[in-house]
Amino acid sequence: MPDLDVAPDGRYLGGDIPFGYALWGDFLVEAPAELEACVTMIRLTRLGHVYEAIADAAEAQHGVRPTQAQYDGLIASVRRRYGPL
Amino acid sequence: MPTVNVNGETLHYVKSGTGPAVVFVHYLGGFSRQWQRQIAALEDRFTCIAFDQRGYGFSSLNGRWSVEDSAADLKAGLDALGVERAHFVAYSMAGPVMLSFNARWSGMVRSLMLIDTFARNDRGAEGRIAESEKCLRYMSMRQYARQYAAARLLSETPQRLVDEVVASICLARKEAYLDTMRGILGPDFSALCPLVTAPTLVLCGRLDVTTPVDQASDLTRLIPKAREAIIEAAHLGIWENPEAFDRVVVDFLDTQEAAATTPSAR
């Protein structure tokens, strides 16, 4: 899967669209339910839960279900930004 | 909220209490309000001062953020308030700022607390900065902060306090935030540590993975009059374990003042 590429002015240039966002024209815009789910996904990962349980929780609590690739992408980005979970 | 105009920036600050000066310097994404609990505990016997650094809280960002400029802002701000000497309490990103400040104006530093900070923090720095730069091109500070809080605060931290952390990060300008990461992650400030001659307390959370205990121990080893305190917390013990955090801060400052006023110390 290609890495997300975003121009300095915020324009989407290509690659995977991160969970929590949608492409509108040239820009990524917030998908509120998915962004709520992102917080839940990060917290549950820290508590030691695995993908299936986390996706179930996201669906139950926020009505959205990340794919395994979207989950992996989010957690990889969070680890790069903030260090180990 | 009062302001001072220094070095082309307008810095907001809080000043409260009477007595010897204590200056609080906030962490990355923090601002002066983060210290309100400690100020409330100290203002009956100390003059407590906390600035919003340039680009943070309600202060301006007309230039760029750098360790040296932030230290110079602090000096100019204290000059404007007529403060000649003070105890300094520095949290995380403020560690390098205070090491730089001390290197230039050590005579102003009566004592120093270095909290969850480091002289060198280059583990994964390049990737951390690059990922944050990319994310902040499309991500709001609010979403960045919410994910930070979820990733870093201990899970038992009350939601009210999580919201305070998120709110303060939201006030940070993206440019300042990224400039700060570039300014503090990677460079080695170790050579400035032996220049700290004031009594120093290095405080670290035992569970801190952002600035782990071994980085605190490096500071303790490099600073001549440093000792170390560990509390049960991660990187943000000020929110995660407020009772232990406040006790260490207040005890250290009271001890410094008591030592300064005993006959043998005169």
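Note that the structure is a prediction, hence the values are computed from the model and not measured.

It is worth spelling out the overall build of chain A at this point. The secondary structure content of chain A amounts to three helices and four strands. The order of α-helices and β-strands along chain A, N terminus first, is β-β-β-β-α-α-α. Relative to the 2.2 N^0.38 estimate, which gives 12 Å for 85 residues, the radius of gyration of chain A is 13 Å and therefore close to what a compact globule would have. Across the 85 residues in chain A, those meeting the buried criterion constitute 33%. Looking at chain A alone, contacts between residues at least 24 apart form 30% of all its contacts between residues at least 6 apart.

Turning our attention to the nonpolar core. The biggest cluster of nonpolar side chains holds 104 residues, and the ones touching the most others in it are V22(B), V25(B), A90(B), M98(B), M113(B) and L219(B). In contact with M98(B), not counting residues within four places along its chain, are V25(B), F88(B), A90(B), L112(B) and L114(B).

Here the focus is the environment of K75(B). Residue and element names in this part refer to chain B. Its place among the elements puts K75 in helix α2 (residues 67-80). A residue is classified by how many C-beta atoms lie within 10 Å of it, and K75, with 17 of them, is partly exposed. Sequence-wise, K75 and R104 are 29 residues apart; in three dimensions their C-alpha atoms are separated by 9.6 Å. If we skip the residues at most four places from it in the chain, K75 touches F101 and W105.

With that out of the way, let us pick up the packing of helix α4 (residues 125-138) of chain B against helix α7 (residues 174-184) of chain B. Residues and elements named next belong to chain B. Where α4 meets α7, the closest approach of the two axes is 10 Å, and the angle between their N-to-C directions is 170°. Of the possible angle classes, the one that applies to α4 and α7 is roughly antiparallel. Across the interface between the two elements, I129, S132, E133 and L136 of α4 pack against K174, L178, M181 and R182 of α7. In terms of residue class, the contact of α4 with α7 is built from four nonpolar, one polar and three charged.

What follows covers the environment of L85(A). Among the secondary structure elements, L85(A) is positioned in the segment after α3 (68-82). Accessibility expressed as a C-beta count within 10 Å gives 16 for L85(A), which makes it partly exposed. Sequence-wise, L85(A) and I42(A) are 43 residues apart; in three dimensions their C-alpha atoms are separated by 8.4 Å. Once you skip the residues sitting within four places of it in the chain, L85(A) turns out to touch T45(A), R46(A), V78(A), R79(A) and A151(B).

The subject of this paragraph is the pairing of strand β3 (residues 21-25) of chain B. All names here are of chain B. Counting buried positions along β3 gives five out of five residues, so the element sits mostly inside the fold. Of the two faces of β3, the one lined by A21, V23 and V25 and the one lined by V22 and F24 are each fully buried. When β3 meets strand β4 (residues 47-51), the two strands line up parallel, connected through four bridges. Note on β4: the bridge partner recorded for A21 is T47. Handedness of the β-α-β unit built from β3, helix α1 (residues 36-42) and β4 comes out right-handed. Sheet topology places β3 next to strand β5 (residues 86-91); four bridges connect them, and they run parallel. Following the sheet pairing, V23 is matched in β5 by F88.

Listed per partner, the contact involves 21 residues of chain A and 19 residues of chain B. Only α1 (32-46) and α3 of chain A provide two or more residues apiece to the side of chain A that touches chain B. The greatest single-element share of the side of chain A that touches chain B, amounting to six residues, is contributed by α1(A).

What follows deals with the confidence of the model for chain B. The share of residues in chain B with pLDDT of 70 or more is 98%, and the mean pLDDT across the chain is 96. For this predicted complex, the interface confidence comes out at an ipTM of 0.96, alongside a pTM of 0.94.

Moving on, we get to the sheet that holds β3(B). All names here are of chain B. Here we have eight strands laid out as an open sheet, ordered β1-β2-β4-β3-β5-β6-β7-β8, and mixed in their pairing. Both outer strands of the open sheet, β1 (3-6) and β8 (226-231), are each paired with one neighbouring strand and no more. With direction set aside, neighbouring strand axes in the sheet form an average angle of 20°. With four bridges joining them, strand β2 (residues 9-16) and β4 adopt antiparallel strand pairing. Within β4, the residue paired with V14 across the bridge is A50. Those strands touched by helix α3 (residues 94-105) are β3, β5 and β6 (109-115), and its axis lies near 145° from that of β5.

For N7(B), which is not glycine, the phi torsion reads 50° and is therefore positive. Residue position: N7(B) is located in the loop between β1 and β2.

Let us look at α7(B). Because the α-helix completes a turn every 3.6 residues, residues three or four places apart line up on one side. All names here are of chain B. Turning to α7, its buried residues are A176, Y177, D179, T180, M181, G183 and I184. Buried-residue contacts for α7 involve α2, α3 and α4. One or two steps after α7, the chain reaches G186, where phi turns positive at roughly 110°.

Cut-offs used in this document
Residues numbered from 1 in each chain as written. Chains lettered and ligands numbered in written order. Predicted model: local features only at pLDDT ≥ 70, side-chain atom pairs only at ≥ 80, totals over all residues. Helix = DSSP H or I, 4+ residues; strand = E, 2+ residues; numbered from the N terminus. Rg over C-alpha atoms; globule rule 2.2 N^0.38 Å. Buried ≥ 20, exposed ≤ 12 C-beta atoms within 10 Å, placed from the backbone. Contact = placed C-beta atoms within 7 Å. Core = buried A, V, L, I, M, F, W, Y, C linked by C-beta atoms within 7 Å. Axes fitted to C-alpha atoms, helices over the stretch in contact; angles between N-to-C directions. Parallel < 35°, antiparallel > 145°, perpendicular 65-115°, else oblique. Nonpolar A, V, L, I, M, F, W, Y, C, P; charged D, E, K, R; others polar. Pairing = 2+ DSSP bridges. Right-handed = clockwise from strand over helix to strand, strands pointing away. pLDDT = per-residue confidence, 0-100.

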